[in-house]
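An overview of the molecular structure
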Amino acid sequence: MKPLLRWLLRLIGPALLLFFLWRSDLNALGAALVGVDLAPALLSLALMPVFVWVKAWRWRIIVCEQGYTPPSLHYLAALYAIGLYAGGITPGQSGDFIKAWYLRERGVPLGPGLLSILLDRLFDFVIWAVMAVLSLAAFIDVFPAETRGIVQLATIGFAAALLIATPGLMARAPREWALGLALPLLRGKLRAALERLRDQFAPLSLRFTPLLLLLLSTIGSATSTFVRIYLMYLALRLGDIPALEILAATGLIAILQALPISFAGVGVRDAVLIAMLQRHGHPAEIALSLSALFLLINIQHILIGFLVSLRYPPGETPPMTMAEMQQRTEN
């Protein structure tokens, strides 16, 4: 029953999309897509390397802070592209964790490798959490009046938990304090698992310079994402949408895409965009067209990531660069 339930959950997004398409004028949808301004759309796609390299740079900082010698930035960018491909075809982007197996081939144990990807995601979630709070101003009127207080409390609580937990995990003192409280309460496998996790976190310590670099790279990543998204709005001549609402919608979509209820955000992304654009007098067909352009970005990630995976198949580790060999010798 559990596997069936998981698959039913994953079909929520596609079912929503089919419902929206059934309610829409397909001729109007086709006309909106035919009328897309290609210049901003193509520029959005052309900015993918910036997005990938900023993400790879942040990941490299995390691996360094774990006490391991990371591969070259070029190789990490290739792995990030592969992660985008694997994440794009799996619910909740779970396939992204395949990068840890590639890292293991370059000397980073599997556990710390998985942890580095989790921490990398947490920094994205921090930005999404801030955007989720912004979404309260943009979308709170969508919810029934009697539920708005609960929605506000849950959203702000979610954001606060992430903003506290992410640096708390990186800082040794609060992390050890929290683990010291939790370990005596656990027994058996749970205690053993938490102790292993404690060992993997051990090298991490919240230092000012790496934290500053992590924050800068996260802001850079979010900025590159927003620019690419905003260009797709311009491609459909939606320059009348306030930037704050675009930010809020982007954050809400990112959070929903991370849930195992869809594939590549299909359906859930459409629901958010329809709700937002209808507030500004744009029909559902325009929102579905915009969602299709966003899907084009995901398809680009999947396609390029797939091609990169052919260049770097699992089990075939490329030779280390001179810089990598020198760094390993120094360490």
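Only a predicted model underlies this, so the values are computations on that prediction, with no experimental measurement involved.

1. Structural notes on a nonpolar patch on the surface
- Where nonpolar side chains cluster on the molecular surface, the patch consists of Trp57, Phe208, Leu212, Leu213 and Leu216 and spans about 480 Å² of accessible area.
- If one sorts the elements of the nonpolar patch by residue count, helix α12 (residues 208–235) sits on top with four residues.
- By secondary structure assignment, the location of leucine 213 is in helix α12.
- Take leucine 213: its relative accessible area is 31%, and that puts it in the partly exposed class.

2. Some remarks on the UniProt feature "transmembrane region" (unreviewed entry) in the protein
- The UniProt feature table records "transmembrane region" (unreviewed entry) at residues 7–23, 29–54, 75–94, 125–143, 150–170, 211–231, 243–266 and 286–310.
- Helix makes up 85% of residues 29–54 and strand 0%, whereas the separation of the span's terminal C-alpha atoms amounts to 35 Å.
- Secondary structure content for residues 211–231 is 100% helix and 0% strand, while the C-alpha to C-alpha distance between its ends is 30 Å.

3. Concerning unusual backbone geometry
- Of note, arginine 237 is a non-glycine position whose phi angle comes to about 60 degrees, a positive value.
- Residue position: arginine 237 is located in the loop between α12 and α13 (243–257).
- Take arginine 237: its relative accessible area is 55%, and that puts it in the exposed class.

4. Re the packing of aromatic side chains
- What the rule picks out here adds up to seven aromatic pairs.
- Ring centres 6.2 Å apart and planes at 45 degrees place the aromatic pair phenylalanine 19 and tryptophan 22 in the tilted group. Here tryptophan 22 and phenylalanine 19 lie together in helix α2 (residues 12–23), a separation of three residues that amounts to about one turn.
- For phenylalanine 19, a relative accessible area of 38% gives the class partly exposed.
- Plain terms: the ring middles of tryptophan 59 and tyrosine 80 are 6.0 Å apart, the flat faces sit at 80 degrees to each other, and that makes the pair edge-to-face. A residue pair is termed long-range when its members are at least 10 positions apart, and tryptophan 59 in helix α5 (residues 48–65) and tyrosine 80 in helix α6 (residues 73–88) qualify at 21 residues.

5. With respect to the pattern of salt bridges
- Applying the stated criterion to the full structure yields six salt bridges.
- The salt bridge partner of aspartate 120 is arginine 58, with a shortest N-O separation of 2.8 Å. Of the two residues, aspartate 120 sits in helix α8 (residues 110–139) while arginine 58 sits in helix α5, which places them 62 residues apart along the sequence. Exposure class is identical for aspartate 120 and arginine 58. Each is buried.
- With a shortest N-O distance of 3.0 Å, aspartate 124 and arginine 58 are connected by a salt bridge. With aspartate 124 in helix α8 and arginine 58 in helix α5, the pair connects residues that are 66 residues apart, well separated along the chain.
- Judged by relative accessible area, aspartate 124 falls into the buried class, the value being 9%.
- Of the residues examined, arginine 58 reaches a relative accessible area of 0% and is grouped as buried.
- One network of salt bridges, in which partners are shared, links Lys55, Arg58, Asp120 and Asp124.

6. As for the side chain of glutamine 66
- Of note, glutamine 66 is situated in the loop between α5 and α6.
- Judged by its relative accessible area of 2%, glutamine 66 is buried.
- Filtering out sequence-adjacent residues up to four positions away, glutamine 66 remains in contact with Pro112, Leu115, Ser116, Pro203 and Leu204.

7. Here's the deal with the confidence of the model for the protein
- Summarising the model, the protein shows a mean pLDDT of 82, and 87% of its residues fall at 70 or more.
- Mean pLDDT across the elements of the protein bottoms out in helix α16 (residues 322–330) (52) and peaks in helix α4 (residues 38–46) (96).

8. Observations regarding the packing of α8 against α13
- Two numbers describe how α8 lies on α13: the axes approach to 7 Å, and their chain directions differ by 120 degrees. By the criterion of interaxial angle, the relationship of α8 to α13 is oblique. The two elements α8 and α13 meet at a crossing, and its hand is left-handed. Where α8 approaches α13, its residues Trp128, Met131, Ala132, Leu134, Ser135, Ala138 and Phe139 are matched on the opposing element by Leu244, Glu245, Leu247, Ala248, Ala249, Thr250, Gly251, Leu252, Ala254 and Ile255.
- Looking at the contact of α8 with α13, its residues break down into 13 nonpolar, three polar and one charged.

About the cut-offs
Residues numbered from 1 in each chain as written. Predicted model: local features only at pLDDT ≥ 70, side-chain atom pairs only at ≥ 80, totals over all residues. Heavy atoms only, no water. Patch = residues over 30% accessible without salt bridge, like charges linked within 9 Å, V, L, I, M, F, W, Y side chains within 5 Å. Areas by Shrake-Rupley, 256 points an atom, 1.4 Å probe, with all protein chains shown as cover. Salt bridge = Lys/Arg side-chain N within 4 Å of Asp/Glu carboxyl O. Helix = DSSP H or I, 4+ residues; strand = E, 2+ residues; numbered from the N terminus. Buried < 20%, exposed > 50% of the residue type's maximum accessible area, 1.4 Å probe, protein only. UniProt positions renumbered as here; feature names shortened; annotations may be inferred. Phe/Tyr/Trp six-rings, centres within 6.5 Å; stacked < 30°, edge-to-face > 60°. Contact = heavy atoms within 4.5 Å. pLDDT = per-residue confidence, 0-100. Axes fitted to C-alpha atoms, helices over the stretch in contact; angles between N-to-C directions. Parallel < 35°, antiparallel > 145°, perpendicular 65-115°, else oblique. Left-handed = near helix turned anticlockwise from the far one by under 90°. Nonpolar A, V, L, I, M, F, W, Y, C, P; charged D, E, K, R; others polar.

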